[in-house]
Amino acid sequence: MSNTPTHSIERIGRSIYPLRVFGFILFGISILLSHSKTESPMDTWSILGLITCVVYPHLAYLSYLRNELRETEIRHMQVDMALIGAISALIHFTPAIVLPYLIANSAANYALRGMQQVVKGLALAFVSALLVGLFLNQTIVHETQPVELLGPFFYLIIVTHYMGHLAYTRGISLLKRKEEAEKMAHLDFLTGLINRRSLFQQIRQNDTQTDAETPDTTTIIMVDLDYFKQVNDTHGHDHGDAVLVQVSRLLKNSLRDTDLVARWGGEEFLVLLPKTNHKQGMMVAEGLREKVANGVFSHDGIDHKITLTLGVASYTCESDFQQTIQLADKALYEGKQFGRNRVVSADDGSSVRETLPCKSKAKDATPA
Ligand SMILES: Nc1nc2c(ncn2[C@@H]2O[C@H](COP(=O)(O)OP(=O)(O)OP(=O)(O)O)[C@@H](O)[C@H]2O)c(=O)[nH]1
């Protein structure tokens, strides 16, 4: 069963069945107390009402267990309201007793199914109270003994607090799920690295925080695994996946906390080194190349040797970020042409342009 909001509502619906049993038993006691108050003998209708109070919530629960459908739950909540109306007539509509039940159940209807369900429920309660009241020719009795009020008010307090508790816990769990979903939307599901979209967002953020007067140089390294297809073709995709995960971890662990590593796509990564000039960036790229080339990436008892080709380009916030990526990509491509397992610089002077004002750069950092 999928974990959709509908199913989480079903679980809440299910958890209120014990309250339904409790409420109807209290309502049954109200019938008994009502008769002891008027000293009238229990007639057939009152006995029937009493039996309904005891039996119905259990039957409702059993039928719910068999169906576990949203519609079953909605039907039961409406039957509840119709029964509250009918039994209200049996206890002479005593408002101090009937109102707490109506309020509590309406609150539950509202919390679980919204206003439409509340209106339907109240209409059903009203119609059934009217019909039974007319049929039994019942009058309204206002007097109540304090003991009669205990049950309904206890029920009201419990149901409304329980609904509050459900709303609170549901709100928290929805919030957690939303946060989790937002986090996942920014991460690559295989490697756990940030994805391309998130990288652009972070660059935009960094750019707006950059001091326009003294812009720093940022260096980009495009990283591509060499002959990676062979790993997949020879050993299968799970080996390829394991290698990607291990290489991405090695890249991440080899860099500063302020550097960014993103999965650019497939077997390609983008490393972004803030406050790093081109020369320093070249050294970092060489370090990464060496580490991976000297490493062994094992999966299922098989050791894989991997090499990287890296293209390096630098920019200040004045330069065109997209163009810098293209330059790094071009350098990477050249590295592949020259035989792979190498670092190639794109620094021919064109990677750092001084044309646009610093603060307006953020808009350039949008995915191609
Ligand atoms: N296992 C796995 N493989 C992937 C994933 N993404 C891309 N690939 C594979 O990466 C391979 C990339 O192949 P190519 O573009 O030919 O590159 P290459 O074999 O590394 O060769 P060069 O880049 O030219 O050195 C393809 O086989 C893709 O199926 C992934 O998430 N998991």
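Residues numbered from 1 in each chain as written. Predicted model: local features only at pLDDT ≥ 70, side-chain atom pairs only at ≥ 80, totals over all residues. Heavy atoms only, no water.

Side note on the overall build of the protein chain
- Check the secondary structure of the protein chain and you find 12 helices and seven strands.
- Expressed as a percentage of the 368 residues in the protein chain, the buried residues total 43%.
- Relative to all contacts within the protein chain whose residues are 6 or more apart in sequence, the contacts with residues 24 or more apart total 76%.
- Accessible surface computed for the protein chain: about 19,100 Å², of which carbon and sulfur atoms make up 61%. (Helix = DSSP H or I, 4+ residues; strand = E, 2+ residues; numbered from the N terminus. Buried < 20%, exposed > 50% of the residue type's maximum accessible area, 1.4 Å probe, protein only. Contact = heavy atoms within 4.5 Å. Areas by Shrake-Rupley, 256 points an atom, 1.4 Å probe, with all protein chains shown as cover.)

Quick word on the site of the ligand
- Close contacts around the ligand come from 17 residues, with Phe-228, Lys-229, Asp-241, Arg-263 and Arg-340 the closest.
- A distance of 2.7 Å separates an oxygen atom of the ligand from a polar backbone atom of Phe-228.
- A distance of 2.6 Å separates a nitrogen atom of the ligand from a polar side-chain atom of Asp-241.
- Here the ligand, which alone exposes 660 Å², has 68% of that area covered by the protein.
- Elements that contribute at least two residues to the shell around the ligand include exactly strand 1 (218-225), helix 9 (228-235) and helix 10 (237-253).
- Of all the elements, helix 10 adds the most residues to the shell around the ligand, at four residues.
- Within the shell around the ligand, the residues separate by chemical class into five nonpolar, four polar and eight charged. (Near = heavy atom within 4 Å. Polar contact = N/O pair within 3.5 Å; in protein donor to acceptor, adjacent residues only side chain to side chain. Nonpolar A, V, L, I, M, F, W, Y, C, P; charged D, E, K, R; others polar.)

Here's the deal with the nonpolar core
- In terms of nonpolar packing, the biggest core is built from 31 residues, with Phe-27, Tyr-101 and Val-159 touching the most fellow members.
- Counting residues in each nonpolar core, the second largest holds 24 residues, with Leu-244, Val-261, Ala-285 and Val-292 among its members. (Core = buried A, V, L, I, M, F, W, Y, C linked by side-chain atoms within 4.5 Å.)

Digging into helix 3 (residues 44-67)
- In this model helix 3 runs 32 Å from its N-terminal to its C-terminal C-alpha over 24 residues, within 8% of the 34 Å that 1.5 Å per residue would give.
- At Val-55, helix 3 is bent by approximately 35°, the largest bend along its length, and proline Pro-57 sits one to four residues beyond.
- Here helix 3 has its buried residues at Ser-46, Gly-49, Cys-53, Tyr-56, Pro-57, Ala-60 and Tyr-64.
- Following helix 3 by one or two positions, Glu-68 adopts a phi angle in the positive range, close to 45°. (Expected span 1.5 Å × (residues − 1). Bend = angle between axes of the 7 residues up to and from the residue.)

Regarding the packing of aromatic side chains
- Under the counting rule described, the total for this entry stands at nine aromatic pairs.
- Aromatic side chains Phe-24 and Tyr-56 sit 5.2 Å apart centroid to centroid with 75° between the ring planes, which places their arrangement in the edge-to-face category. A residue pair is termed long-range when its members are at least 10 positions apart, and Phe-24 in helix 2 (residues 17-38) and Tyr-56 in helix 3 qualify at 32 residues.
- What makes Tyr-56 buried here is its relative accessible area of 12%.
- Measuring from ring centre to ring centre gives 5.9 Å for Phe-200 and Trp-264, while their planes differ by 40°; the resulting arrangement is tilted. Of the two residues, Phe-200 is situated in helix 8 (residues 196-209) and Trp-264 in strand 2 (residues 260-265); the sequence distance between them amounts to 64 residues.
- Classification of Phe-200 as buried rests on a relative accessible area of 1%.
- Relative accessible area serves as the criterion here: at 9%, Trp-264 is assigned to the buried category.
- The ring of Tyr-17 carries Arg-20 above its face, with NZ or CZ at 4.4 Å from the centroid.
- Here the basic side chain of Arg-196 rests over the ring of Trp-264, its NZ or CZ set 4.1 Å away from the ring centre. (Phe/Tyr/Trp six-rings, centres within 6.5 Å; stacked < 30°, edge-to-face > 60°. Lys NZ or Arg CZ within 6 Å of the ring centre and 35° of its normal.)

What about empty space enclosed by the protein?
- If you walk through the whole model with that rule in mind, you get two cavities of 30 Å³ or more.
- Around the largest cavity, the lining residues are Ile-16, Leu-19, Arg-20, Phe-24, Met-77, Asp-80, Asn-105, Ala-108, Asn-109, Tyr-155, Val-159 and Met-163.
- Secondary-structure elements contributing two or more residues to the lining of the largest cavity are helix 2, helix 4 (70-90), helix 5 (95-113) and helix 7 (146-185).
- Class assignment for the residues of the lining of the largest cavity results in eight nonpolar, two polar and two charged.
- By volume, the second largest cavity amounts to about 40 Å³.
- Along the walls of the second largest cavity sit Gly-23, Phe-24, Phe-27, Ile-84, Tyr-101, Asn-105 and Tyr-155, which together make up its complete lining.
- With three residues, helix 2 is the largest single contributor of residues to the lining of the second largest cavity. (1 Å grid on protein atoms, 1.4 Å probe; cavity = no way out; pocket = protein on both sides within 12 Å on 5 of 7 lines; lining within 4 Å. Points joined across faces, edges and corners; volume = space filled by probe spheres on them.)

Regarding the pattern of salt bridges
- According to the stated counting rule, one finds nine salt bridges in the structure shown.
- The partner of Asp-233 in a salt bridge is Lys-229, with the nearest N and O atoms 2.9 Å apart. Here the residue Asp-233 and the residue Lys-229 both occupy positions in helix 9, the gap between them amounting to four residues, near one helical turn. In this structure, Asp-233 and Lys-229 share a single accessibility class: exposed.
- Note that Arg-289 is salt-bridged to Glu-286, the shortest N-O span being 2.8 Å. Taken as a pair, Arg-289 and Glu-286 lie in helix 11 (residues 278-294) at a separation of three residues, close to a single helical turn.
- Judged by relative accessible area, Glu-286 falls into the partly exposed class, the value being 27%. (Salt bridge = Lys/Arg side-chain N within 4 Å of Asp/Glu carboxyl O.)

Some thoughts on helix 10
- Given a rise of 1.5 Å per residue, 17 residues ought to cover 24 Å, and the 24 Å separating the end C-alpha atoms of helix 10 matches this to within 8%.
- Buried residues of helix 10: His-239, Gly-240, Ala-242, Val-243, Leu-244, Val-245, Val-247, Ser-248 and Leu-251, and no others.

Focus on the confidence of the model for the protein chain
- Residue-level pLDDT values for the protein chain average 86, and 87% of them are 70 or greater.
- Predicted confidence is poor over residues 1-6, with pLDDT under 50, and the contacts of this stretch with residues over four places away or in other chains come to five contacts.
- Every residue in residues 349-364 is under pLDDT 50, and counting partners more than four places away or in other chains gives 42 contacts.
- For this predicted complex, the interface confidence reaches an ipTM of 0.97, while the overall pTM sits at 0.63. (pLDDT = per-residue confidence, 0-100.)

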